[in-house]
Amino acid sequence: AGFGAGLGLALASSAFIGGSFVLKKKGLLRLCGRARAGQGGHAYLREWLWWVGLLCMGVGEAANFAAYAFAPATLVTPLGALSVLVSAVLSSIFLNEQLNVHGKIGCILSILGSTVMVIHAPQEEEVSSLESMAEKLKDPGFIVFAVCVLVSSLLLIFVAGPRYGQSNVLVYVLVCSAIGSLSVSCVKGLGIALKELFSGKPVLKEPLAWVLLVCLVICISTQINYLNKALDIFNTSVVTPIYYVLFTTAVMMCSAILFKEWQHMVLDNIIGSISGFLTIVSGIFLLHAFRDMPFTPNLLPLFLQPGRADPHPPWSSADRHQSCQHQPLLPSEDKGSLSAEEEE
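This structure is a prediction, so every number in the text was calculated from the model and none was measured.

Caption draft 1: View of the overall build of the protein. Along its length, the protein carries 13 helices and zero strands. Counted from the first residue to the last, the protein has its helices and strands arranged as α-α-α-α-α-α-α-α-α-α-α-α-α. Burial statistics for the protein: of 344 residues in total, 40% are counted as buried. Across the protein, every contact between residues at least 6 apart in sequence was considered, and the portion connecting residues at least 24 apart equals 79%. In the structure as shown, the protein presents an accessible area of about 19700 Å², 66% of it carried by carbon and sulfur atoms.

Below you can see the structure in the form of structure tokens.
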């Protein structure tokens, strides 16, 4: 029941978040000459449709937050890719944005990959209280992982960032992804704390709950800061798929170490989970990388192009009876040159 609730919340989160982008975009397009957001204006604050989109995004983020309390993070995080799919499909319907063949194939691959991941999702070790969460956080494996994440993030921020941040997209995206893996762990712990709070336990007196909340605020602030830097420097179609792949990979590694999600999985489920994740990655790549590429009939093979004559027409009746042995071995120009040489 808990797994089903987490899966339903994750799917609902993707639907609400994907729809919120379309609603907010629709509200921005209705400004009709008033100061647009791209020009520094705030007229969109008086547009009710924009507020509906913002409300949908809040509901989606809340559902995503709650999903981590019921389902494994290895399942919830990859399903976030479906919000991109929902946004792309609804944009093609309500905003008249072109969804080319590559985008449609990417949507299909994302759905197939998500289905495979749901079927083979790992069952995490039971963590039902803050006490058990505290024991998990004391695990030496997780401590080593957290220290490596913090040290590598500091090196990327203070050493690699000033030198290569303006030219290499991986610098700031790696910071967001590494810190994001820790933020998901904090969200998981706070979800468990909320479940205990609603059951009547004195969670507010537990120091761990406040520590997780502070860590979550710091992690999310760092993610937003460096993700905005990456988006400001590089193209969105480049940043988004790279960030999704690195962030999801980091979350899966962190969850495998902290919650031992992969410890009791059979080989079939491991291969299925990895295959589903790679299928989603392929779909997101096709959806973003070729989003602005027009797909015309001229790009199709010749035999699939409408109205194009067959480049290899059938032989005529006269040619059918000619054998390949009777055809000249040299072109006519070479044949003429040879006859001239013989006359000389």
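What follows picks up the thread again.
Caption draft 2: Broad picture of the layout of surface pockets. Of the pockets and cavities examined, the second largest pocket occupies roughly 410 Å³. Around the second largest pocket, the lining is made up of 18 residues, and of these L150, L182, C186, C215 and C219 lie nearest the centre. Of the residues that constitute the lining of the second largest pocket, the class distribution is 15 nonpolar, three polar and no charged.

Caption draft 3: Region of interest: a nonpolar patch on the surface. Together, I143, V147, V151, L154, L155, F158 and V159 make up a nonpolar patch on the protein surface, roughly 650 Å² of accessible area in all. If you trace the backbone, L155 turns up in helix α7 (residues 140-164).

Caption draft 4: Layout of the confidence of the model for the protein. For the protein, the average pLDDT comes to 78, and 78% of its residues sit at 70 or higher. By mean pLDDT, the top-scoring element of the protein is α7 (92), and the lowest-scoring one is helix α12 (residues 317-320) (46).

Caption draft 5: Quick look at the packing of helix α6 (residues 130-137) against helix α8 (residues 170-198). At their nearest, the axes of α6 and α8 sit 10 Å apart, and the two run at 160° to each other. One element, α6, and the other, α8, form an angle in the roughly antiparallel class. Facing L130, E131 and M133 of α6, the residues of α8 in contact are S185, G189, I192, A193 and E196.

Caption draft 6: Quick look at the nonpolar core. Grouped together as the largest cluster of nonpolar side chains are 58 residues, with contacts concentrated most on M133 and L182. The greatest single-element share of this core, amounting to 14 residues, is contributed by α8.

Caption draft 7: Spotlight on helix α4 (residues 81-94). The end-to-end C-alpha separation of α4 is 20 Å, in line with the 20 Å expected for 14 residues at 1.5 Å each. Where α4 is concerned, the buried positions are A81, L82, S83, L85, S87, A88 and S91. Phi turns positive one or two residues past the end of α4, at N96, with a value near 55°.

Caption draft 8: Here's a closer look at the environment of L130. Checked against the element boundaries, L130 lands in helix α6. When near neighbours in sequence (up to four residues on either side) are disregarded, L130 contacts G189, I192, A193, E196, V203, E206, L208 and A209.

Caption draft 9: Highlighting the pattern of salt bridges. By the definition in use, this model includes one salt bridge. Here K201 makes a salt bridge to E196, at a shortest N to O gap of 4.0 Å.

Caption draft 10: The arrangement of helix α5 (residues 101-119) in detail. In this model α5 runs 27 Å from its N-terminal to its C-terminal C-alpha over 19 residues, within 8% of the 27 Å that 1.5 Å per residue would give. When we look at burial in α5, the residues that qualify are H102, G103, G106, C107, S110, G113, S114 and M117. Looking down the long axis of α5, one finds its buried residues gathered within 140° of arc, a one-sided arrangement. Exposed side chains of α5 directed beyond 90 degrees from the buried face belong to I108 and I119.

Caption draft 11: Summary view of the environment of N225. Checked against the element boundaries, N225 lands in helix α9 (residues 207-233). Along the chain, N225 and C176 lie 49 residues apart, while their C-alpha atoms are 8.6 Å from each other.

Caption draft 12: Region of the structure containing the side chain of S114. Relative to the helices and strands, S114 resides in helix α5. Accessibility expressed as a relative area gives 5% for S114, which makes it buried.

Criteria and thresholds
- Residues numbered from 1 in each chain as written.
- Predicted model: local features only at pLDDT ≥ 70, side-chain atom pairs only at ≥ 80, totals over all residues.
- Heavy atoms only, no water.
- Helix = DSSP H or I, 4+ residues; strand = E, 2+ residues; numbered from the N terminus.
- Buried < 20%, exposed > 50% of the residue type's maximum accessible area, 1.4 Å probe, protein only.
- Contact = heavy atoms within 4.5 Å.
- Areas by Shrake-Rupley, 256 points an atom, 1.4 Å probe, with all protein chains shown as cover.
- 1 Å grid on protein atoms, 1.4 Å probe; cavity = no way out; pocket = protein on both sides within 12 Å on 5 of 7 lines; lining within 4 Å.
- Points joined across faces, edges and corners; volume = space filled by probe spheres on them.
- Nonpolar A, V, L, I, M, F, W, Y, C, P; charged D, E, K, R; others polar.
- Patch = residues over 30% accessible without salt bridge, like charges linked within 9 Å, V, L, I, M, F, W, Y side chains within 5 Å.
- Salt bridge = Lys/Arg side-chain N within 4 Å of Asp/Glu carboxyl O.
- pLDDT = per-residue confidence, 0-100.
- Axes fitted to C-alpha atoms, helices over the stretch in contact; angles between N-to-C directions.
- Parallel < 35°, antiparallel > 145°, perpendicular 65-115°, else oblique.
- Core = buried A, V, L, I, M, F, W, Y, C linked by side-chain atoms within 4.5 Å.
- Expected span 1.5 Å × (residues − 1).
- Arc of directions from axis to C-beta.

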